[in-house]
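So you can see what is in the structure, the chains are spelled out below.
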Amino acid sequence: MSKEDDFEDFRDQMKRLKNEKKNKSHWDQDDVNDVIERVKSEMMPVITAFVDTDRTLEMQSNTSQAIYISYANARIYGLWVSGTSLDRISIDAVFDSVSTRIYSGSFNEKEIRTTVKNALINWYRHII
């Protein structure tokens, strides 16, 4: 076997490894996005019900990882969702540039809805 054949073999293997890594990260990103969407789908009915109770409340935006709510277009509250799997989920509440972890754990619909409801009520208590 010549030296050139060895290099060819290395190139093929390295190219295959790079492609595998690229595909794996793409799949991992899809999984993360699915987890975040699933968590947000549990949060949205609670947030919608909350916003619908007071005309001064408004949902400002719904980005890929965060949901922003405002009170009288001045006080903004953000709910950030992150997670790598359904067993590793975090929800952070951001208000006045302070981030507070309100949920960390496995995917549990009832716990997520209750936690979000309590966080929204607590924020409302501070702003009125």
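The rules behind these values
- Residues numbered from 1 in each chain as written.
- Predicted model: local features only at pLDDT ≥ 70, side-chain atom pairs only at ≥ 80, totals over all residues.
- Heavy atoms only, no water.
- Pairing = 2+ DSSP bridges.
- Helix = DSSP H or I, 4+ residues; strand = E, 2+ residues; numbered from the N terminus.
- Axes fitted to C-alpha atoms, helices over the stretch in contact; angles between N-to-C directions.
- Contact = heavy atoms within 4.5 Å.
- Buried < 20%, exposed > 50% of the residue type's maximum accessible area, 1.4 Å probe, protein only.
- Phe/Tyr/Trp six-rings, centres within 6.5 Å; stacked < 30°, edge-to-face > 60°.

Student: Help me out: how do you make sense of the sheet that holds strand S2 (residues 66-71) in this one?
Tutor: Within a sheet, adjacent strands bond to each other through the backbone by hydrogen bonds, running parallel or antiparallel. Overall, antiparallel pairing links the five strands, which are arranged S1-S2-S3-S4-S5 in an open sheet. Among the strands making up the open sheet, the edge pair consists of strand S1 (57-62) and strand S5 (98-105). The sheet shows a mean angle of 20 degrees between the axes of neighbouring strands, direction not considered. Strand direction decides the pairing type here: S2 and strand S3 (residues 75-85), joined by six bridges, are antiparallel. Residue Tyr68 lies in a different strand from S3, and its bridge partner there is Gly78. Helix-sheet contacts for helix H2 (residues 109-127) involve S1, S2, S3, strand S4 (88-95) and S5, and the interaxial angle to S3 is about 160 degrees.

Student: Where do I start with the pairing of S4 in this structure?
Tutor: Each regular strand carries side chains that alternate between the two faces of the sheet. With respect to burial, S4 is a largely interior element, six of its eight residues being buried. Pairing geometry for S3 and S4, over eight bridges, is antiparallel. Paired with Ser82 across the two strands is Ser90, which belongs to S4. Connecting S3 to the antiparallel partner S4 that follows it, the hairpin turn spans two residues. In this structure, S4 lies alongside S5, joined through seven bridges in antiparallel fashion. Each bridged residue has a counterpart across the sheet, and for Ala93 the counterpart in S5 is Thr100.

Student: Would you mind showing me how to read the packing of aromatic side chains here?
Tutor: Describing an aromatic ring pair means giving the distance of the ring centres and the angle of the ring planes. If you walk through the whole model with that rule in mind, you get seven aromatic pairs. Here Tyr71 and Tyr124 contribute two aromatic rings whose centre-to-centre distance is 6.2 Å and whose plane-to-plane angle is 85 degrees, an arrangement assigned as edge-to-face. Residue Tyr71 is located in strand S2, and its partner Tyr124 is located in helix H2; the two are separated by 53 residues in the primary sequence. Classification of Tyr124 by relative accessible area gives partly exposed; the value is 24%. Between Tyr77 and Trp123 the ring centres are 4.9 Å apart and the planes differ by 20 degrees, which places this aromatic pair in the stacked class. With a gap of 46 residues between them, Tyr77 in strand S3 and Trp123 in helix H2 connect regions that are remote in the sequence.

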